[in-house]
Amino acid sequence: MKIDRRSFISLGVGVVAGTTLTPVPWKLMDDISIWTQNWPWTPVPKEGADTYKTSVCTLCPGGCGIQVRKIMDRAVKIDGLPEHPINRGTLCPLGLSGLQFLYGPSRVKAPMKRVGKRGEGKWQEISWDEAVSAVTKKLKELREKEKPHSVAWVAGTDKGTVPRLIGRFLTAYGSPNFIRPPSVHDAYELAVYLMQGQEGAVGFDIENADHVLSFGTGLLQGWGAPVRMLNIYGEQHDSRKIVQIETRLSDTAAKADQWVPINPGTEGALALGIAHVMIKESLYDQSFINQSVFGFEDWTDDHGTRHIGFKTLVREDYSPETVAEKTGVPKATIEKLARRFARADKPIAISGRGEGLLPGSLSECMAVHSLNALVGNINKPGGVSVTSEPEYAKWPEVNIDMTASRGMQQPRVDGAGGSKYPNARYLLHRLPEVINSAKGESPVQALFVSDANPLYTLPNTKATKAAFDRIPFLVSFSSFMDETASHSDYILPNHVFLERYEDVPTPSASVQPIIGLAKPVVRPVYNTRHVGDVVLQVAKSLGSFVEKAFPWKDYQGYLKSALKDYWDQLEEKGFVKVKNAKDFPWANRFNTATGKFEFYPSARNQPSKNDKKALPNFSPVPIEGKPEQYPLVLMPYDAMRLTSGDVGNPPFMTKTIDDTVLKGQTVFVEINPATARKIGASEGERATVATPRGRAKVRLHLFEGIAPGVIAMPKGFGHTAYSKYLAGKGVNFNDLIGPISDPLSGLNTAWGIRAKIDRA
Amino acid sequence: MKEEHGDKHTKRYGMVIDLDKCTGCGACMVACYAENNVPFKKDETDKLDSLNWIRIFQLTNGKPYPDTEICYLPMPCQHCDGIGKHGHPPCVSVCPAIATDYDDSTGVVSQIPTRCFGCRYCMAACPYHARKFNWWDPVWPADTKKYLNPNVSTRMRGVVEKCTLCFHRYQQARDKAYLEGREEIYESEYQPACAQACPTNAITFGDLNNPDHAVFKLKNSPRAFRLLERLHTNPKVYYLSSKTWVRRAGDNYLENESRPKSNRQKIHS
Amino acid sequence: MNTNDQQQPVSDTASPGTGDASGKGKNGSGWIILLFFVIGLIGSLAGGWLFFPDLLYSEKQQPIDFNHKLHMGVVYEGCQSCHYFREDGSFSGIPDLYSCSGCHQYPQGTNPEEKKFIEEYVRPNKAVPWLVYSEQPDCVFFSHAAHVKGADMKCQTCHGKMGQTTHARPYQENRLTGYSRDIWGYNIARLGEPKYGLRMKMNDCAECHKKRTGHKGACFQCHQ
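A separate point is the pattern of salt bridges. Under the criterion given, the structure shown has 55 salt bridges over all chains. One salt bridge in this structure joins Glu229 of chain B and Arg226 of chain B, with 3.6 Å as the shortest N-O distance. A single salt-bridge network, built from bridges that share partners, covers Asp158, Arg180, Asp186, Glu189 and Arg425 of chain A.

Residues and elements named next belong to chain A. Contact geometry of helix H7 (residues 184-196) with helix H15 (residues 362-374) gives a least axis separation of 9 Å together with a crossing angle of 60°. With respect to their mutual orientation, H7 and H15 come out oblique. The way H7 lies across H15 gives a crossing that is right-handed. Residue-level inspection shows Ala187, Tyr188, Leu190, Ala191, Val192, Leu194, Met195 and Gln196 of H7 in contact with H15, the latter providing Leu362, Cys365, Met366, His369 and Ser370. For the contact of H7 with H15, the residue count by class is 10 nonpolar, three polar and no charged.

Throughout the structure, instances matching the rule amount to 45 aromatic pairs over all chains. Relative to Phe40 of chain B, the ring of Phe652 of chain A has its centre 5.9 Å away and its plane inclined at 85°; by these criteria the two rings are edge-to-face. Taken together, the residues Phe652 of chain A in helix H26 (residues 651-656) and Phe40 of chain B in the loop between helix H2 (27-35) and strand E2 (54-60) connect one chain to another. A single burial state applies to Phe652 of chain A and to Phe40 of chain B, both of which are buried. Three or more aromatic residues joined by ring pairs make a cluster, and in this case those are Tyr284, Phe288, Phe296, Phe310, Phe590, Phe597 and Phe599 of chain A.

Every contact between the two is made by 69 residues of chain B and, on the other side, 71 residues of chain A. Interface area, chain B with chain A, both sides summed: about 5,600 Å², of which 59% is carbon and sulfur. If you look at where chain B meets chain A, you find two salt bridges. For Glu35 of chain B, the salt bridge identified is with Lys77 of chain A, shortest N-O distance 3.0 Å. If you look at where chain B meets chain A, you find 30 residue pairs in polar contact (both at pLDDT 80 or more). With seven residues, H2 of chain B is the single largest residue contributor to the side of chain B that touches chain A.

This part covers the pairing of strand E3 (residues 70-76) of chain B. Residues and elements named next belong to chain B. Burial within E3 is extensive, with seven of its seven residues counted as buried. In E3, alternate side chains face the same way, and those of Ile70, Tyr72, Pro74 and Pro76 on one face and Cys71, Leu73 and Met75 on the other are all buried. Bridge count between E2 and E3: seven bridges; the pairing is antiparallel. Residue pairing for E3: Phe57 is matched across the bridge by Leu73.

For the rest of this paragraph, the subject is the interface of chain A and chain C. Contacts between the two partners involve 31 residues from chain A, matched on the other side by 31 residues from chain C. Summing both partners gives a buried area of about 2,700 Å² for chain A against chain C, and 70% of it is carried by carbon and sulfur. Our count for the chain A to chain C interface comes out at one salt bridge. Viewed at the interface, chain C and chain A are joined by nine residue pairs in polar contact (both at pLDDT 80 or more). Among the elements of the structure, helix H1 (5-20) and helix H2 (24-36) of chain A are those that each provide at least two residues to the side of chain A that touches chain C. Among the elements that take part in the side of chain A that touches chain C, H1 of chain A stands out by supplying 10 residues, more than any other. Among the residues making up the side of chain A that touches chain C, the classes are represented as 16 nonpolar, eight polar and seven charged.

This next bit is on the state of the cysteines. With the rule as written, the count across this model stands at zero disulfides over all chains. Left unpaired, Cys166 of chain B is separated from the closest cysteine sulfur, that of Cys194 of chain B, by 6.3 Å.

Residue and element names in this part refer to chain B. For chain B, per-residue confidence averages 90 on the pLDDT scale, and 90% of positions sit at 70 or higher. The element-level mean pLDDT for chain B is lowest in helix H1 (residues 2-6), coming to 38, with H2 highest at 98. Across residues 1-8, where pLDDT falls below 50, the model places eight contacts with residues more than four positions away in sequence or in other chains. The low-confidence segment residues 261-269, where pLDDT is below 50, has 17 contacts with residues more than four positions distant or belonging to other chains.

Cut-offs and rules
Residues numbered from 1 in each chain as written. Chains lettered and ligands numbered in written order. Predicted model: local features only at pLDDT ≥ 70, side-chain atom pairs only at ≥ 80, totals over all residues. Heavy atoms only, no water. Salt bridge = Lys/Arg side-chain N within 4 Å of Asp/Glu carboxyl O. Axes fitted to C-alpha atoms, helices over the stretch in contact; angles between N-to-C directions. Helix = DSSP H or I, 4+ residues; strand = E, 2+ residues; numbered from the N terminus. Parallel < 35°, antiparallel > 145°, perpendicular 65-115°, else oblique. Left-handed = near helix turned anticlockwise from the far one by under 90°. Contact = heavy atoms within 4.5 Å. Nonpolar A, V, L, I, M, F, W, Y, C, P; charged D, E, K, R; others polar. Phe/Tyr/Trp six-rings, centres within 6.5 Å; stacked < 30°, edge-to-face > 60°. Buried < 20%, exposed > 50% of the residue type's maximum accessible area, 1.4 Å probe, protein only. Buried area = accessible area lost by both parts, 1.4 Å probe. Polar contact = N/O pair within 3.5 Å; in protein donor to acceptor, adjacent residues only side chain to side chain. Pairing = 2+ DSSP bridges. Disulfide = S-S within 2.5 Å. pLDDT = per-residue confidence, 0-100.

Following this line, the structure appears as structure tokens:
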């Protein structure tokens, strides 16, 4: 017997035959296919009991109620809170992306100290004690040098307990320089202050209005409380006419009942043209105009000087023919707009461009607000009213020492409230210019930034950066590695809104006063600390007078003592409608010298001696650039899928952006096909946009909805910080534009800039 | 199986999307990503490889300034019934792996990523581009894995995925109904994430067979139309628009083509 | 047969001219070939049927030797005392540490396993890494409510006499997939009565559904 090769082949055949008769191949095939479905790098989210926690979103001033779904200790989804009056169960894309802020890649995970050059990105993690003592040391040093007023603090908002705590801290320390970033509400607030003598936020009762005349306002693009506006639009689709006056076919214009295209920057003239028609055809509210306004008719002052009234001004200077020529809106359309507006039951006129991060021209705001006065729809349901902040958080005045007192008497570093701009409260956009033009050392020696990202949001990024480079001590409280944080000396990261307590006062542009409470939904993910607690700790380590102004152990104690009776309800429901809120704005009286609505702001801080300049008028501040050199006009636009404020766009929202807005890392500039034809450009082509302030590489998107001669670009791109999911995409509009101060108010009015396109 | 279609209790879950209300805000898309563990990557601008279970398209009437109009159209999987409601949507008919099927009891077209081997026949068959292929393994950077929803399995490279009408929410609602001894679930108990989030309430969701559900009435509105109706895919997603150009664009009409007799009547009768 | 004879031609296989002898040789070597075939066949059959199952699974012990019977004696609502439905209809599954430490904050008796449980898990507040015999892949959606509440099935129908066990039996883990041997069943051919409760492969679900409802069900009935 010999065993040969064939025997082994036979053995093999036997094994194969046998194996097919065993479960081995079939079982292995099954197991292997299961194995390939369970790669270790494909995450399997852990199951567990569901819980829902109510809170408030603080990612924009909308203050929507949210409910956060939790599985064990992880937050897995944010949805709208059904019973919240602002968003009624729905939410915007930003709020829905909230967890990407909590768990996302751009968070600052611990207090950090810069070790490389500014902006180089070299950081050293430090302890909170080290962080607080570094800040304290600098603040002590500046006080010892009798320079407490060289400290400035840029805070995202001036409403609520945290900004008040910061304000109180600055007062006790001796600095008048609490600064809020600019917004359209600056212009609104100033307009109603001058015309109505009332201080407070302006609310628009759009829920009860039946006709909205919007002068370029991005009602459906993030203005006010964005979800409130979208809710109103969707749910009462047929009960309200929206007329959108805008150069570009924006989302709001597209969804409006009527879109009125207009030459850019001439909105104020159109408002006055409409006023002209209303007055000429006696379409205004006679009883309101006769009884409750001042400066409508011509008048004589105490010195016997004759002054012209609004009626004369408008009739002389703003006939539909003149206005049609300026605005490009046909005469017949102007007349129709006026008649429809005047005949509506509850008409509202709203001014301010886009989502409202640009304050805009005061005279334009006053011109538009005059229309509200002509229909007498002020401080009434379905109208425009001034709402004061819900009254809580009242503490005894701060006792300040001599150093602080001397510091507080110094003029504000941004010039707001000074001799040049007596009416303005905050002028952040002027800060770079003030610092850059200062001789010797910078007037700001220490800058603190919380809930704001001025290095990204301020116009003229280059100048802002140069100014910030001159500030020797820069501290950011940002939870994220944003532009300002990455250029600062210390980062003292705040908790994200889902990890902290914070009150959220009345949502932007809302009439109903509501207090919301953001609550810690999850335990802090990283080694972060509430900015309120840091302020209290710094105050304590500064000692003496500063310390005495803060009798609270921690921020939560401070917040509880501020909210008092509201606390329990807020803890349970997440929000409180302030009592009697429904009637309170309507009962407001005009608080002017005459006790009436003043077309001609009479006594206080009169803006001009020239009658025609004192009344609401159209006096456009020209945009930068010579038409010969820059034949086009570049305007920004806001979109719901792209945040342009201090909060960087989350990856989810960036994912929703169309490929005609961003392609790869390049942003598209919208251009009318007719304009494109002139320069021989085609769809998707690469080009360079140049303005007097800068140049940027872009692509061209041919869009019929943009006026010929005008080009438009989205705001919110061009980040240099955050994570790879945002940084380097597109262009920051602020790189291409500089601020233009309104001569009346000092507020930034730069709505656009002249530009040209160089084909690549 | 065929008799089941006539059964009153057979559900046909579907959507009515009011394009007159949609402002293109993108909340539906983000709500969907968050609910369904849809990943994101650095560059999402190549829409062919961008995973979206619902995507908003922008339509324009093509007229020059200032007569231009635009309309936003959110497009999820259309959950086709197929002609004569035979339960054979284009994708189901071609799938060699039975990774997608038509559920007779709900009308939902399923997609089981673990069963899929990535041949992408279904993507070629789908006239709506509603199906997306995972060209890469998903990556959740930093701590973003923590927000993943345990009710929806994460997918891997090499498989197709698409809108499921948030079927896991149906399963959850059914569980609750079982516990409470109910046969039926309430309309409000089962709403997909997009419909729940929509700030303008443009998306209405429910059982198209149930006269008590809002969609039942809406789908018969004179403004209603469906996408590419002439293909007889018989989708369960209806759109509403008061604009003729939008309705015509929805069925891809040529410029001078007259509107044929409604396909819908044929299919519904 | 002369085996010596045939060796010559076999060594000469390459030469085609040895017709007869090679024919004989083939006959003779056929035995060997057959023998090897049979050895291969039987060997692989034995290996596949007898040894493969044991090779495929590794055996693990539960972290705590849990006594179900003892607990069933002291609770009021049977299985659902600990494995309960949550208010939203979802099933809680294996109790979390919090549920156990309600009673076992301190030792209730002298059992060393209880002592181990308290010292190693309750005190350090650490979740017990129980090995779940019926663990399914993530893509599976199994509704306990549909079966227990909807179809009025008993826990024992699928999980067998788990509630009567006094010791935690070893957990046999599939080396490839990581799932329990219970899912496929202890009999590798999936024949006969399952050893511990029902087998839980997709086909098992489909078979039972077909029997009871007349339809295997759509994919989404049990997948997510």
